[in-house]
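Analysis of the macromolecular model
So the chains spell out like this:
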Amino acid sequence: MTVLEQIIAGVREDLAAREALRPLADVRAALADVDAPLDPMPRLRAAESSVIAEVKRSSPSKGHLAEIADPASLAREYAAGGAAAISVLTEQRRFSGSLADLEAVRAAVDVPVLRKDFIVTSYQLVEARAAGADLALLIVGALDDDTLRRLHDEARELGLTPLIEVHDEAETERAVALGAELVGVNNRNLKTLEVDNDTFARLAPLIPDDRVKVAESGVFGVSDVQQFVDAGARAVLVGEALVKDGDPRAAVAAMTGLRAGDHITAPGGNR
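A few points on the structure. A quick note: this is a predicted structure, and the numbers were derived from the prediction, not measured.

When helices and strands are counted, the protein shows 12 helices and 10 strands. For 271 residues, the compact-globule formula gives about 18 Å, and the C-alpha radius of gyration of the protein, at 17 Å, lands near that figure. Taking the principal axes of its C-alpha atoms as reference, the protein extends roughly 55 × 40 × 35 Å. Out of the 271 residues belonging to the protein, those deemed buried represent 55%.

Structure (structure tokens):
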């Protein structure tokens with residue numbers, strides 16, 4: 001099994017346990033108490049770079065990254081730095097996340113919140129919206145075409161903005177054919193966990209310019225953001241670099257507002 005397949009197998013086990021405790025009908029009933037979703041697209045369509053800042057405790061490739069005892073406090077720092085959206089990893093086994101983290105972040109900030117997980121069923125989408133998410137990640141490589149389209153359409157019906165993640169040419173073609181408005185190119189191969197920052201530049205031209213292109217993984221400083229912006233990214237999704245930074249507010253601010261062709265005056269850092 002690939003790493004992605006192993007993760008999804010665990011996700012399905014944990015999902016079955018949650019469904020047994022809380023039936024879908026009960027989760028749907030909770031939607032009545034949730035505020036209307038926020039629209040992330042106007043900010044993500046801006047001419048200058050924007051940041052989707054991630055609450056991320058650990059990862060399969062790096063293991064433990066940060067304690068993050070208070071996700072809400074970190075989210076407030078991200079928002080103060082100008083984050084266009086905040087991504088919250090809710091997968092438990094490999095990323096040490098939870099829906100409680102998402103709920104805490106949602107209560108703390110007034111910017112759009114993304115549920116970052118390995119979503120394979122409708123139940124997870126309803127969970128996401130009931131917890132206050134405004135966006136939901138759908139990974140093309142984890143879903144067949146029929147399931148991808150169904151979950152994409154169901155997310156939109158719930159008011160969620162789908163972030164459609166791709167890793168190669170075939171997946172990119174599927175995302176474009178789907179009509180995905182927000183396409184994330186992950187520079188990390190989820191089958192091997194290797195990162196290749198040239199992946200974005202290779203795949204971005206396959207995505208029409210009327211779609212919003214997001215670069216994911218491999219972002220550790222301003223120079224990386226500039227590389228992706230020059231290749232067509234409107235936004236970058238950043239996790240590890242921010243949770244390890246002693247000043248996440250300043251780090252987000254430094255990565256925000258770049259335009260194609262901007263000059264970086266210090267290697268890997270300041271403009």
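Here we take up the nonpolar core. If you look at the biggest cluster of nonpolar residues, it comprises 91 residues, and the most contacted ones within it are Tyr78, Ile86, Phe118 and Leu242. Top element by residues in this core is helix α1 (residues 3–21). It accounts for six residues. Excluding anything up to four places from it in sequence, Leu242 contacts Val51, Ala53, Glu54, Tyr78, Pro248, Ala251, Val252 and Met255.

What follows deals with the pattern of salt bridges. A complete count under the given rule lists 17 salt bridges for this structure. For Arg57, the salt bridge goes to Asp101, with nearest N and O atoms at 2.4 Å. Of the two residues, Arg57 is situated in the loop between β1 (50–55) and β2 (58–59) and Asp101 in helix α5 (residues 99–108); the sequence distance between them amounts to 44 residues. We note that Arg57, like Asp101, is buried. Close ionic contact of Asp145 with Arg174 constitutes a salt bridge, the shortest N to O distance being 2.6 Å. Within this pair, whereas Asp145 is found in helix α7 (residues 145–158), its partner Arg174 is found in helix α8 (residues 169–178), the two being separated by 29 residues in sequence. Assessed through its relative accessible area of 24%, Arg174 is described here as partly exposed.

Turning our attention to the packing of aromatic side chains. Between two aromatic rings, the relevant description is the distance of the centres plus the angle of the planes. One pass over the structure, following the stated rule, counts two aromatic pairs. For the ring pair Phe200 and Phe228, a centre distance of 5.8 Å and an interplane angle of 70° mean the geometry is edge-to-face. Taken together, the positions of Phe200 in helix α9 (residues 198–203) and Phe228 in helix α10 (residues 222–230) put the pair 28 residues apart, joining distant regions of the chain. Of the residues examined, Phe200 reaches a relative accessible area of 0% and is grouped as buried.

Parameters at a glance
As a convention, each chain's residues are numbered from 1 in the sequence order in which they are written. Restriction of local features to residues with pLDDT of at least 70 applies here, the model being predicted, together with a cutoff of 80 or more for giving and counting side-chain atom pairs; totals for whole chains, interfaces and linings are based on all residues. Excluding hydrogens and water, the side-chain figures rest on all heavy atoms present in the structure. The way it works is that DSSP assigns letters per residue, a run of H or I at least four long becomes a helix, a run of E at least two long becomes a strand, and they are numbered from the N terminus. C-alpha atoms define the radius of gyration, and 2.2 Å times the number of residues to the power 0.38 defines the globule rule. Exposure classes here rest on a 1.4 Å probe applied to the protein chains alone. A residue is buried below 20% of its type maximum, exposed above 50%, and partly exposed in between. Side-chain atoms within 4.5 Å are what join buried Ala, Val, Leu, Ile, Met, Phe, Trp, Tyr and Cys residues into a set we call a nonpolar core. Contacts: residue pairs with any heavy atoms within 4.5 Å of one another. Salt bridges are defined by distance alone: a side-chain nitrogen of Lys or Arg within 4 Å of a carboxyl oxygen of Asp or Glu. Here a pair means two rings of Phe, Tyr or Trp (six-membered ring of Trp) with centres within 6.5 Å. Their orientation is stacked below 30 degrees between planes, edge-to-face above 60, and tilted elsewhere.

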